[in-house]
Structures are given as C-alpha cells and as structure tokens.
Amino acid sequence: MVSLLLLPKTPNPLSSIYTPNPFKSLNPKTLKPSKPNFKPKPHNPTTIRSVLQWNRKPQLAGDTPRVVVITSGKGGVGKTTTTANVGLSLARLGFSVVAIDADVGLRNLDLLLGLENRVNYTVVEVLNGDCRLDQALVRDKRWSNFELLCISKPRSKLPIGFGGKALIWLVDALKAREEGSPDFILIDCPAGIDAGFITAITPANEAVLVTTPDITSLRDADRVTGLLECDGIKDIKMIVNRVRTDMIKGEDMMSVLDIQEMLGLALLGVIPEDSEVIRSTNRGYPLVLNKPPTLAGLAFEQAAWRLVEQDSMQAVVVEEEPKKRGFFSFFGG
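The following paragraphs examine the structure supplied in this document. Owing to the predicted nature of the structure, the values given are computational and were not obtained by experimental measurement.

## As for the pattern of salt bridges
Link 1 in the chain: Inspection of the entire model under this criterion finds 12 salt bridges.
Link 2 in the chain: Ionic pairing is found between Arg92 and Glu301, a salt bridge with its closest N-O pair at 2.8 Å. On the criterion of sequence distance, the pair formed by Arg92 in helix 2 (residues 79-92) and Glu301 in helix 12 (residues 295-308) is long-range, its members being 209 residues apart.
Link 3 in the chain: Overall, the relative accessible area of 33% leaves Arg92 in the partly exposed class.

Following this line, the structure appears as structure tokens:
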C-alpha cells in the first residue's frame, strides 16, 4: 500500500498554518507573574524558515504583465473555478489582476465571482466603439486590484472578425492603460480545441493545465499540451483537481505521481475534493475567501504563490508497509 506525499521545491509559505504551538502544553499553575517558568519546544530550521516566508510577499518572477491561459481541453474539470480562486489569491497577495472570460458561449466566471449583475459592457461593445475599455472592466469591491472582463454577453453573437488578433489587441490595450499595466492577465479558456481555444491561447505566454485523475481528462490534457507547445507556449504547469486520497490508497484512482509521469509537466498544485466548492460557487463567493479556510482553498492559495514565483512542487511516494506486489500503476501493476 502506498500513500501520496507532496513536497514543494521551496519551503511552503502556508505551512506555518500547521506549525505546532510550543505553548499548547503549558501548565498555567507553573507560571509566575514576573518570570514565566517554561521552556518552549525548539523549532526545527524548516519551521522557522516557513514562518519567515509566510511573513513576506512572494517575489514576482518574469516580465509583467504575465499573460496566463487556464485551459484543459475537457469541460467540467474546474478551469473557471481555478481562474476565480487563483485570481483572487493573487489579488490578496498584492498583485493587480485582470481575469478575462474568453468562454463566449458559456460565460460563467462572473457567476463564480458574484459579479453577474455588474457586467454592463463587454469586449464586443469596446470593439464596436460603444464604450471605453475601462467601462467594460468590472472591479471587485472586495479586492480593488482584481478586475473582470467578459468577451460578450450570453446569447449574443460575436463579430465575424473576432479572433486571436482581437484578443492580442485587447491585451495590448490593458498593457497601455493610464493607471498602469496589471501584473497578471488570466484568460479563462473555453472547453474543446476549436476556434475558441485557439483565440484564447493566442496572446498567452504561459499556461496552467487543469486536469482530474481520470483517463478521459488525461487524454484531453495530453492533446492540449501538444497544441500549446505547437503555438509556442513552453511554460506549461499542471493543476490536478478533485483528488481523493482514500481512492488513491485503495488503488481506485490514479495518483498524482502517475499523472505527472504521464504528462511530463511541472506540478503547480493539487486540489483535494471538497464539497465546499459547490457551496461557494452557488453563493458567488470564491473558496479562498472562506473563513476559516478549507483544504481546497489553501491549496489554491499555494498554487497562486507558486505561480507568482514560477515555482513548482514534487510528488513522491512514501511506503507505509512492505510492498507485496509491484508499484501500482493505472495501466497495470
């Protein structure tokens, strides 16, 4: 039987949340008012380093703005949920973010963010000259450095000439804004690999590939990886969503290590299965804003931290008991 252990390449900035309290076992009767009579347990260097990292802002790597497309190929794996939660996590870390909902026919990012009633203008109106770009940008009231931009309204038709060049013009216009260029431009890519997919990936120089531990999602992810590389996007990182450790231990679900070996991509984050995702989606309140935070919310925050520093994590296998058979793989053991 094997279990999954995920280790970041650098000390985890959020691991201080799990730092043991050295004063928890303190007996109040042994304390004196003048000189407390206790000796806290010493922290190991890793813990101290984690606390220091938690008290700092992540260092932004690469040239700004960083244009990141969030894609998968397969629908329903969590692209829009990832865009909303990673985007707001970046805003909470102090970076300016513009999230573009490039899913023209099935626009949902505004619903997940709770901004559906504030979208009055879209990119179509901007291109037609009916409004300015700043009027189409919807600023989040909770975090003013996060803005949403929708391509079109539901049930509306795009201009015939809309495509990758129009989206490149849009990104260039965001770079040239008077108030300054954003640090991140996140593009929520539509499902599939048709014209909408090609349009969404055209201005991007980075990609986050969202997948789930099932063979249909992995086949589509492998196909999309090849298309991204053909388009010149070499910086591709992977988020594995809806992971259940109980099913991995029972050998009913592919492990993250297997997925990483199959796709050959750097691992940006692992999101556990969490019923709170559905509740937060229905409320229009992203998971990372929940108090207290859930495991899935913490995982999204960690993924955002790694995205800022262009870091990744490593999946390893830890033996819990002697193996009676070969290493389990989805395609044979």
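## Structural notes on helix 10 (residues 256-263)
Since the α-helix advances by 3.6 residues per turn, residues separated by three or four positions end up pointing in the same direction.
Link 1 in the chain: Burial of helix 10 is extensive: 6 of the 8 residues sit out of reach of the surface.
Link 2 in the chain: Among all positions in helix 10, only Val256, Leu257, Asp258, Ile259, Gln260 and Leu263 are buried.
Link 3 in the chain: Positioned one or two residues after helix 10, Gly264 has a phi angle of 65 degrees, which is positive.

## Concerning the environment of Ala200
Link 1 in the chain: Take Ala200: it is sitting in helix 7 (residues 195-201).
Link 2 in the chain: On the basis of relative accessible area, Ala200 is assigned to the buried category, the value being 1%.
Link 3 in the chain: Apart from residues no more than four positions distant in its own chain, Ala200 is found in contact with Val69, Ala102, Leu167, Ile187, Cys189 and Pro190.

## Points about the environment of Glu147
Link 1 in the chain: Note that Glu147 resides in strand 5 (residues 146-150).
Link 2 in the chain: With a relative accessible area of 6%, Glu147 lands in the buried category.
Link 3 in the chain: Look past the residues within four positions of Glu147 in its chain and what remains in contact with it is Val97, Val98, Ala99, Leu137, Val138, Arg139 and Arg177.

## A look at the side chain of Asn85
Link 1 in the chain: Topologically, Asn85 is positioned in helix 2.
Link 2 in the chain: There is a polar contact of 2.8 Å between the side chain of Asn85 and the backbone nitrogen of Leu287.
Link 3 in the chain: A polar contact of 3.1 Å, which involves the side chain of Asn85, links it to the backbone nitrogen of Val288.
Link 4 in the chain: Discounting chain neighbours no more than four positions away, the residues touching Asn85 are Pro286, Leu287, Val288 and Phe300.

Procedures and definitions
- Residues numbered from 1 in each chain as written.
- Predicted model: local features only at pLDDT ≥ 70, side-chain atom pairs only at ≥ 80, totals over all residues.
- Heavy atoms only, no water.
- Salt bridge = Lys/Arg side-chain N within 4 Å of Asp/Glu carboxyl O.
- Helix = DSSP H or I, 4+ residues; strand = E, 2+ residues; numbered from the N terminus.
- Buried < 20%, exposed > 50% of the residue type's maximum accessible area, 1.4 Å probe, protein only.
- Contact = heavy atoms within 4.5 Å.
- Polar contact = N/O pair within 3.5 Å; in protein donor to acceptor, adjacent residues only side chain to side chain.

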